[in-house]
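Structural characterization, general
This is what each chain is made of:
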Amino acid sequence: MKRSRLGISIITLIMVMVFHNWTAVPSLAETDDEYKVAAYDVTVVLNRDGSADVREKIDFTFYDGFNNIMIPIARNEGEEIEINHVYMQRKDKLIECKRLMAGQWDAEVFTGTYSVIDEPDHVKLKIYGSFYRSFGSVTIYYKVKNAIRRYRDVAEYQRTHIPKLWETRISSINIAVRLPEPAGSDEIAFWFHGVFVGAKELIYSQIVNFNVPDTVPGEYVETRIIFPQSQVPDCPVTDDSPNRSRIIAEEMEYQASDKADLLEARENAARRAGQKAYYERMRLRARNALSILSIILTLAAAYYILFMQKKLRHHKKKPIPDVFRDIDRLDPAEVRMLVANGRTGARAMLGKLMELTARGVIGLGTRRGLDNKVRFTFVLPGRPGNLLLNQADSYFIEWMTGLSPSNHEFDPIQLLGFMDSEEKAGTLKAAFDGWVLRVKEAYHGKNILDGSIVKYRNFGIVSGVLLLFLGLFIPIAFSVAMGYLILPSGFLLLTYSLRIRKHTEYGTEQHRIWKTIRLRIRKRTLTRDALPEWMRSCPALLGYGVALGIENEIARWIATSGQNYHDSGDCPICAHFQTGEPKDHGLDRVVKNTLSIMDEAVSSVQDA
Amino acid sequence: MVLLAAITAYIGTVVLPAHKYRTAYVAAAVVSMLCRYALVYYMYKGGTEAAGTDGLIYHEVAKNVAEQLKSGTPIWAVQYKYTWYTVLMGMQYAVFGVNRYAASFVNVFISVMSGFVLFRIAHALKFTWGKSAAISLAYIFMPSMIVWTTDTRKESVTFFIILLIWYLVQKVLQERNGVPVRTVIHMVLVCILLWISTLLRIYMLYTLGGGILVGLAIHYLKTKRRMSLIFGVMILITCIVVTYTTILVQMDGYHALPLDRSEGGDENISDELGSIFKIIMSKDIPEAINGFLTQPHMEKVSRISDISGNAFAITAVKIEQLLWYLCLVIAIFGIIHAILEWNPYLLGLLAFIVSYSLINALICEDVGETYYRYRAAIVAPTLLIADYRPLFNSLRAIIRGRTGAIE
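Calculation notes
- Residues numbered from 1 in each chain as written.
- Chains lettered and ligands numbered in written order.
- Predicted model: local features only at pLDDT ≥ 70, side-chain atom pairs only at ≥ 80, totals over all residues.
- Helix = DSSP H or I, 4+ residues; strand = E, 2+ residues; numbered from the N terminus.
- Buried ≥ 20, exposed ≤ 12 C-beta atoms within 10 Å, placed from the backbone.
- Contact = placed C-beta atoms within 7 Å.
- Domains from an automatic or database assignment.
- Nonpolar A, V, L, I, M, F, W, Y, C, P; charged D, E, K, R; others polar.
- Pairing = 2+ DSSP bridges.
- Axes fitted to C-alpha atoms, helices over the stretch in contact; angles between N-to-C directions.
- UniProt positions renumbered as here; feature names shortened; annotations may be inferred.
- pLDDT = per-residue confidence, 0-100.
- Parallel < 35°, antiparallel > 145°, perpendicular 65-115°, else oblique.
- Left-handed = near helix turned anticlockwise from the far one by under 90°.

Across its full length, chain B holds 18 helices and zero strands. The dimensions of chain B, computed from C-alpha atoms along their principal axes, are 70 × 50 × 45 Å. A total of 407 residues make up chain B; the buried ones form 47% of that total. Across chain B, contacts joining residues at least 24 apart in sequence account for 69% of those joining residues at least 6 apart.

Let's shift gears to the overall build of chain A. From N to C terminus, chain A includes 16 helices and 20 strands. For chain A, the residues scored as buried account for 36% of the 608 residues in total. Partitioning the contacts of chain A with sequence separation of at least 6, the portion at a separation of at least 24 is 72%.

Residue and element names in this part refer to chain B. When cut into domains, chain B gives domain 1 (1–153), domain 2 (154–256) and domain 3 (283–407). Each of domain 1 and domain 2 was reduced to a C-alpha centroid, and the two centroids are 22 Å apart. Taken residue by residue, the interface counts 19 residues in domain 1 and 16 residues in domain 2. When residues of the side of domain 1 that touches domain 2 are traced back to their parent elements, those giving at least two are helix 4 (85–96) and helix 5 (100–124). In terms of residue class, the side of domain 1 that touches domain 2 is built from twelve nonpolar, five polar and two charged.

Attention shifts here to the pairing of strand 16 (residues 221–228) of chain A. Residue and element names in this part refer to chain A. In this sheet, strand 16 lies alongside strand 11 (residues 154–162) in antiparallel orientation, the contact comprising eight bridges. Along strand 16, the bridge assignment pairs Ala 155 with Phe 227. Summarising the sheet, strand 13 (residues 189–193) and strand 16 pair through five bridges and their orientation is antiparallel. Bridge pairing in strand 16 places Trp 191 opposite Arg 224.

Residues and elements named next belong to chain A. The five strands lie next to each other as 13-16-11-10-17, forming an open sheet whose pairing is mixed. Strand pairing shows two members of the sheet lacking a second neighbour, strand 13 and strand 17 (237–239), which therefore form its edges. Strand-to-strand, the axes of this sheet are offset by a mean angle of 30 degrees, without reference to chain direction. Docked against the sheet, helix 2 (residues 244–256) engages strand 11, strand 13 and strand 16, running at close to 35 degrees with respect to strand 13.

This brings us to the UniProt feature "transmembrane region" (unreviewed entry) in chain A. In the numbering adopted here, UniProt assigns the feature "transmembrane region" (unreviewed entry) to residues 289–307 of chain A. For the annotated span residues 289–307 of chain A, helix accounts for 100% and strand for 0% of the residues, and the straight-line distance between the end C-alpha atoms is 26 Å.

A word on the confidence of the model for chain A. All names here are of chain A. In the predicted model, chain A carries a mean pLDDT of 83, and 86% of its residues have values of at least 70. Confidence drops under a pLDDT of 50 for residues 22–32, and excluding neighbours within four residues, the segment shows 22 contacts in the predicted structure. Every residue in residues 103–108 is under pLDDT 50, and counting partners more than four places away or in other chains gives 22 contacts.

The next thing to look at is the environment of A:Pro242. Residue and element names in this part refer to chain A. One can find Pro 242 in the loop between strand 17 and helix 2. When the C-alpha atoms of Pro 242 and Arg 150 are compared, they prove to be 9.7 Å apart, with 92 residues separating the residues in sequence. What Pro 242 contacts, discounting residues up to four positions off in sequence, is Tyr 151, Arg 152 and Asp 153.

Residue and element names in this part refer to chain A. The sheet built from eight strands is open, its strands ordered 5-4-9-2-1-12-15-14 with mixed pairing. Either end of the sheet is taken by a strand with one partner, and the two such strands are strand 5 (93–96) and strand 14 (199–203). Recorded for the sheet is a direction-independent mean angle of 15 degrees between the axes of neighbouring strands. In this sheet, strand 12 (residues 170–178) lies alongside strand 1 (residues 35–46) in parallel orientation, the contact comprising seven bridges. Bridging across to strand 12, Val 42 finds its partner in Ile 175.

All names here are of chain B. Mapped onto the elements, Ala 380 comes out in helix 17 (residues 379–385). The spacing of Ala 380 and Ser 282 is 98 residues in sequence and 30 Å in space, taken between C-alpha atoms. In contact with Ala 380, other than residues within four places in its own chain, are Leu 118, Tyr 139, Phe 159 and Leu 163.

Residues and elements named next belong to chain A. Within helix 4 (residues 332–339), seven of the eight residues are buried, which leaves the element mostly enclosed by the surrounding structure. Residues of helix 4 that are buried: Pro 332, Ala 333, Glu 334, Val 335, Arg 336, Met 337 and Leu 338. Immediately beyond the C-terminal end of helix 4, within one or two residues, lies Asn 341, with a positive phi of roughly 55 degrees.

Turning our eyes to something else, we now look at the pairing of strand 12 of chain A. When strand 12 of chain A meets strand 15 (residues 207–215) of chain A, the two strands line up antiparallel, connected through eight bridges. Within the sheet, the bridge partner assigned to A:Ile175 lies in strand 15 of chain A and is A:Phe210.

Residue and element names in this part refer to chain B. Of all residues in chain B, 91% have pLDDT values of 70 or greater, and the mean over the chain is 86. In the predicted structure, residues 255–267 sits below a pLDDT of 50 and forms 33 contacts with residues beyond four places in sequence or in another chain. For this predicted complex, the interface confidence score (ipTM) comes to 0.85, while the overall pTM stands at 0.81.

Any two packed helices are characterised by the angle at which their axes cross and by the distance between the axes. Residue and element names in this part refer to chain A. It is the contact of helix 4 with helix 13 (residues 538–548), at a shortest axis distance of 8 Å, that shows an interaxial angle of 25 degrees. On the basis of their axis angle, the class for helix 4 and helix 13 is roughly parallel. Relative to helix 13, helix 4 is oriented so that their crossing is right-handed. In this structure, helix 4 contributes Pro 332, Val 335, Arg 336 and Val 339 to the contact, and helix 13 contributes Gly 543, Tyr 544, Val 546, Ala 547 and Leu 548. Taken together, the residues of the contact of helix 4 with helix 13 sort by class into seven nonpolar, one polar and one charged.

Next up, the structure:
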């Protein structure tokens, strides 16, 4: 129950964070304008047949990524719109876009294509390309047939050039409508609708210019021009009655209207701009706060490690003794873990076998392989239960016995038999891990953590995992680069807490002692008398030498000085090497051969 | 269509380990095929010569490839554009006739096979049968996966090859009997598939090759098996050879790189590399990583042009996104455990995910839809890592005073 509760609590916490991150925060950061139109230039040439040739040049500024943009073109009743050319800017030059077939299912197409979507009131032009965080420009050429309505007295051009469909701010709108022929200013009248602010003028008696500084979503720009109907002789007559007065009346009515919708659009835009600025500020603050939090968490992790270190080593470092006779008795496997940063492997195993040999628990033998290499073998006791062994040792002996139930002899080459299948490898790995676990527990019994240290360690483990989590979560979810700083500090805190025994006063001291022993043996500045009694015999010395990684030095040491210590011939190693078959092979070679076989087998199953 | 479904059912019963729910699993896989078949008919309702974009373009190129093959051009001399997938399609068209439906059905079949391979990988990682089935079913029923692997796009084959490579790598790593012929064949196959994956997506060589090399390096350090070294050298040689024979040759015209998407691409490789470097330098890297892993964000899902206005599709994508975020969050714990446990295979996969994500985050267009599609390649490997329980169990054991494996 407790397990499931913990799991559920953590998952709930995670879910809350996920929801917070991906639903709440992005909405804070959300902008209504992920792009803007920086400039919108429209040039219209009215033709004598009542059609209009339109060129629209639209300059965009993108704040987000898009792979297409949609440009709406309004269509009045009876009009036909024919897209002639579409160009887009790419690498400082314009490229002409190709039109895609209708009914395209997917928008993920290559740059330089467009599709046309026909709808009742407008035509949507969808242009595909890479539009992100940059300036982009699109130019469209199209023809509007039946763009002009011809009456008895005037011709009317009325067109929405900036439809309400635009959902963003459009700046710098310039619309120039060129009439078919020049005319007197009293013959032409023009208006624009959909915005409050704008300017209009007639130039060269033929071109009507409309300039609107900007529009916001909800606004639009509609132009309306009346001019002499004689200028469009080829245009069919829409209504053979005078319409000028009606149009002027309509315009007066429009001017007098309250334009509440436009006012509301402006208010909404102002509100959204305010919100956007607020959200941007909040977003920036959130990122800054998270950056600061990341630094604080990193420093806190470093401080916590130092704090734990201080708690663990409240005494001053003791000087390393000249002689090591009274040091605590550690197993070769424990020594191996101490000097190899927690790793064990074949060295720990061989070291243990040698140490058991030294204690007389098992016997030593040698065997020549098919490759003519000599290796050690070990004679196992018949009834290990009668011997004084700790839990790890008993497990080890039982395991070794299990490997060779028939003749009570463990030959390292038997281990190689476990390498050829996943199942056997799994068996060996499980047995090895079981032994290592017991060795660790035995060491933990010596290197005891007191209650307060256990609390610090547990807090360190939980905090380390949390920091690692945040170190991946903060930078990815909130795009805060500083968040990556938390990763190494979290990892350091977690590994430090997991291996806290290495840093205890006992652990540090043992580590120093055994490293010094290794160094002094290498430098040949240590005599056997300086070692504890349980380490002086040749097998024990060899066992610890293997664990410390100095088996060659130890083998030479034994070879040169062994006889002085074991004249009686009760040392199994010396006895073997003085009289036995391996005499010609050298102790170091035999150790190397044995270790190599065991290492191959033990390493090989580590992934089982 | 029916034949492919029948073959799928048969393969499912043969390759999947026996279990009381195996039949149900295979039935679910066939249902996922039916969903895809339905989507194929929906997509092509307006005709196969007009629907789709990348898929349509590949279809057009494949028709041309088929004509070349029919006229006697050998496969290695065929002229093709965009991706080698068009050659595969062209081969199919040359043998069975031009039929985009059939090409889509083959993609459907391959995508379900990917699910089976994913199942085998998960099972070989010692996941329970149920967990392996859940991972692979999640993969084959993922809405985006259904969409990306149904049209005549290269995604189906690409994902299959990625999973097949990792499956073969796993087989090699698990081989304990020296280097038998079977393992040599697996290793050679991986090298060939690396080359094919490069033909499909140009940077796959480095992401996959890098991931495999990381896995092999850790595997060697952990197990000292010589086979890891031999395999590593083979991968390294493949990477070097393919770089010179394929990547540098194809880079100039590769359509998916950001500044080379039209005929007016960069003039030469140094220009191309310069362009890519410029793009990378212009990016806000944390935001790009965020974009690749999390886009399209919730509020932007409805703006995906393909599904805008389609409430069902929007909801499906939103749910998928939420589940993906949850998967990412859980994967963090899986990553921590893989690192502490020093698991060669999972760390190799992780290296692949990281390198693939980084490359795409840095050179991809900063567009949610694009990220969404490109990210699909790392969904399956991420599903394999996404499990918080191993880490929590180990840590709980340590905190409760028991000696843990990761201590």
